[in-house]
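Residues per chain, in single letters:
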Amino acid sequence: MSLKICQRCKRPFMAHQEFCPHCPEPYTWNQESWANLGCLMAMIAPLAVMILLWVFLFSLFLFR
């Protein structure tokens, strides 16, 4: 039976486990994922639509 010492909480845990069961799993998300671009577009698209709507409404009043 071999043990490892966790670097964060300094508690021993079994060596066959990859991560310490007492600590949360490490932050591992792919920063180069296409889902991030989709999320960014989902935030920007409603803003762009709202801005275009206001530009259209103001242009109706200006060019009557």
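A brief structural summary. Please read all numbers here as calculations on a predicted model, not as lab measurements. (Residues numbered from 1 in each chain as written. Predicted model: local features only at pLDDT ≥ 70, side-chain atom pairs only at ≥ 80, totals over all residues. Heavy atoms only, no water.)

This part covers the overall build of the protein chain. Scanning the protein chain from terminus to terminus reveals one helix and two strands. Reading the helices (α) and strands (β) of the protein chain from amino to carboxyl end gives β-β-α. Rg of the C-alpha trace for the protein chain: 26 Å, well past the compact-globule value of 11 Å for 64 residues, more than 25% over. Projected onto its principal axes, the C-alpha positions of the protein chain cover 85 × 20 × 10 Å. Buried positions account for 6% of the 64 residues belonging to the protein chain. (Helix = DSSP H or I, 4+ residues; strand = E, 2+ residues; numbered from the N terminus. Rg over C-alpha atoms; globule rule 2.2 N^0.38 Å. Buried < 20%, exposed > 50% of the residue type's maximum accessible area, 1.4 Å probe, protein only.)

In this section: helix 1 (residues 34-62). Here helix 1 contains 29 residues, and its C-alpha end-to-end distance of 41 Å stays within 8% of the 42 Å for a straight helix at 1.5 Å per residue. Largest kink in helix 1: about 25°, centred on I44, with the proline P46 one to four residues after it. (Expected span 1.5 Å × (residues − 1). Bend = angle between axes of the 7 residues up to and from the residue.)

Here we come to unusual backbone geometry. Of note in the backbone geometry, K10 takes a positive phi value of approximately 60° without being a glycine. Turning to its location among the elements, K10 is positioned in the loop between strand 1 (3-5) and strand 2 (12-14). Exposure remark for K10: the relative accessible area of 56% places this residue in the exposed category.

Position of L3 relative to the elements: it lies in strand 1. C-alpha of L3 to C-alpha of C23: the two residues are 20 residues apart in sequence and 16 Å apart in space. Non-local contacts of L3, meaning those with residues more than four positions away in its chain, are made with P12, F13, M14 and A15. (Contact = heavy atoms within 4.5 Å.)

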